[in-house]
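The lines below spell out each chain.
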Amino acid sequence: MPLPFSRGFRGRRPAPGTADRLPPGQYETRDFPELSAGPTPRVSLAAWTFTLRGADGASAVWTWAEFQALPRDHVTTDLHCVTKWSKFDTVWEGVAIDTLLAAAADRGVRPSPFALAMCDGGYTTNVPLADLTGGKAWVAFGYDNAPLDPEHGGPARLLVPHLYFWKSAKWVRQLRLLARDEAGFWEVNGYHMRGDPWREQRYTGDP
Ligand SMILES: Nc1nc2c(c(=O)[nH]1)N[C@H]1C(S)=C(S)[C@@H](COP(=O)(O)O)O[C@H]1N2
Ligand SMILES: [Mo]
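Residues take numbers from 1 onward in each chain, read along the sequence in its written order. All chains are assigned letters beginning with A, and all ligands numbers beginning with 1, in the order in which they are written. With the structure being a predicted model, the display of local features is reserved for residues of pLDDT at least 70 and the display and counting of side-chain atom pairs for 80 or more, all residues being used for whole-chain, interface and lining totals. Side-chain metrics in this entry use all non-hydrogen atoms of the structure; hydrogen atoms and water are not considered.

Asker: Can you walk me through the sheet that holds strand β7 (residues 124–128) in this structure?
Answerer: The pairing of strands in a sheet happens through backbone hydrogen bonds and is either parallel or antiparallel. Within the open sheet, the five strands sit side by side as β3-β2-β11-β6-β7. Their pairing is mixed. Lying at the two open borders of the sheet, with one neighbouring strand each, are β3 (59–63) and β7. Strand after strand, the sheet turns through a mean of 15° between neighbouring axes, direction not considered. One requirement defines pairing of two strands: DSSP has to find at least two bridges between them. Secondary structure counts use DSSP, requiring at least four H or I residues in a row for a helix and at least two E residues in a row for a strand, with both numbered from the N terminus. An axis is simply a line fitted to the C-alpha atoms; with a helix, the fit covers only the stretch in contact. Between two such axes, the angle follows the N-to-C directions and lies from 0 to 180 degrees.

Here it is in structure tokens:
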């Protein structure tokens, strides 16, 4: 896991009124650190597609234009990285996974208990489907009222803010639904299969 950039002198004591928003072991940062396991992949919007694939192989595929035509949400949320920075009140725009699942049902894609996000550049991460549904997760393409920067996952990234931020896969292109949980990039390397920051599920073997 890359080290956090913690620019400036911001201490590790939470600002007044924010302590209850800080999961155990976290500190607040105002920066937006960039953490990538490799170079930033570039894909043209003309070539970009998003695929939601069921466990039986049935798939729904959206082009960028089709994706943009889906109902979108505006989300303000806190982020928690396993390297211990948290960032409050980030502003996003994206399509809820609930919306994608509903649209994909017409194309024969059925829910399964687990999901694996696949990205340009080869990064993967696994998330239980229950953590992606119920208005808790999005494929986000807007940040701070602007298109999402490539460094932060543009054109589109997974946003699962109630789990550690490594689950929010940048440059996501496919969500693969699975009958059995399959470890992704960090999970294979000792990180937790679920990653709930409030339970401090950082590493394999944490409760
Ligand atoms: N494709 C991809 N997604 C990724 C990563 C990555 O290396 N590649 N890093 C993860 C980690 S560990 C974190 S903390 C966040 C960082 O997102 P940011 O660079 O926008 O802060 O992205 C997550 N998603
Ligand atoms: Mo991270």
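Next comes the rest of the description.
Asker: Is there a simple way to explain the layout of surface pockets in this structure?
Answerer: Regions of empty space are outlined by a rolling probe, equal in size to a water molecule, passed over the atoms. Put simply, the largest pocket is a space of about 370 Å³. Surrounding the largest pocket, 26 residues form its lining, Leu35, Ser36, Ala37, Tyr123 and Lys170 being those nearest its centre. Under the convention adopted here, Pro, Cys and the residues Ala, Val, Leu, Ile, Met, Phe, Trp and Tyr are nonpolar, Asp, Glu, Lys and Arg are charged, and Gly plus all remaining residues are polar. Taken together, the residues that form the lining of the largest pocket break down as 17 nonpolar, five polar and four charged. Approximately 170 Å³ is the volume found for the second largest pocket. With a 1 Å grid laid over protein atoms only, a set of points is called a cavity when a 1.4 Å probe fits there but cannot get out and a pocket when it is open yet has protein on both sides within 12 Å along at least five of seven lines; lining residues have an atom within 4 Å of a point. In terms of lining residues, the second largest pocket is bounded by Pro41, Arg42, Val43, Leu45, Trp64, Gln68, Phe141, Pro147, Leu148, Pro150, Gly154 and Pro155. By residue class, the composition of the lining of the second largest pocket is nine nonpolar, two polar and one charged. Grid points are joined across faces, edges and corners, and a volume is the space filled by probe spheres set on the points.

Asker: Please explain the environment of histidine 74 as it appears in this structure.
Answerer: Of note, histidine 74 is situated in strand β4 (residues 73–80). According to the relative accessible area criterion, histidine 74 is exposed, its value standing at 60%. In sequence terms histidine 74 and arginine 194 are 120 residues apart; their C-alpha atoms lie 25 Å from each other. Not counting the four nearest positions on each side in its chain, histidine 74 is found in contact with Trp92 and Glu93. At 3.2 Å, the side chain of histidine 74 and the side chain of glutamate 93 are in polar contact. The classification of residues rests on relative accessible area computed with a 1.4 Å probe and restricted to protein chains. Under 20% of the type maximum is buried, over 50% is exposed, and intermediate values are partly exposed. Here a residue-residue contact requires only that any non-hydrogen atoms of the pair lie within 4.5 Å. Whenever a nitrogen or oxygen atom comes within 3.5 Å of another N or O atom, the pair is scored as a polar contact, on the condition that within protein one atom can donate a hydrogen and the other can accept it, and that pairs from neighbouring residues in sequence are kept only if both atoms are in side chains.

Asker: Can you help me understand the pattern of salt bridges in this one?
Answerer: When a carboxyl oxygen of Asp or Glu is within 4 Å of a side-chain nitrogen of Lys or Arg, the pair counts as a salt bridge. Tallying each qualifying case throughout the model produces 11 salt bridges. Residue arginine 194 pairs with aspartate 131 through a salt bridge whose shortest N-O separation is 2.7 Å. Pair noted here: arginine 194 is in the segment after α3 (185–188) and aspartate 131 is in the loop between β7 and β8 (138–143), with a separation of 63 residues, a long-range link. We classify arginine 194 as partly exposed; its relative accessible area is 22%. With relative accessibility at 4%, the residue aspartate 131 sits in the buried group. When salt bridges that share partners are traced, they join Asp131, Arg194, Asp196 and Arg199 into one network.

Asker: For this particular structure, what's the right way to read the site of ligand 1?
Answerer: In the vicinity of ligand 1 lie 20 residues, with Pro33, Ala37, His152, Arg157 and Lys170 positioned nearest. Take serine 168: an N or O atom from its main chain is 3.1 Å from a nitrogen atom of ligand 1. Where accessible areas are quoted, they stem from the Shrake-Rupley method and a 1.4 Å probe; at the residue level, only the protein chains shown are allowed to cover. In isolation ligand 1 has 530 Å² of accessible area, and contact with the protein removes 99% of it. To qualify as sitting in a cavity or pocket, a molecule needs more than half of its atoms within 2 Å of the grid points. In a pocket analysis with a 2 Å cut-off to the grid points, ligand 1 is assigned to the largest pocket. When the residues that make up the shell around ligand 1 are grouped by side-chain class, the tally is 14 nonpolar, three polar and three charged. In these notes, residues near a molecule or strand are those with any non-hydrogen atom within 4 Å of it.

Just distances and angles here, no functional claims.
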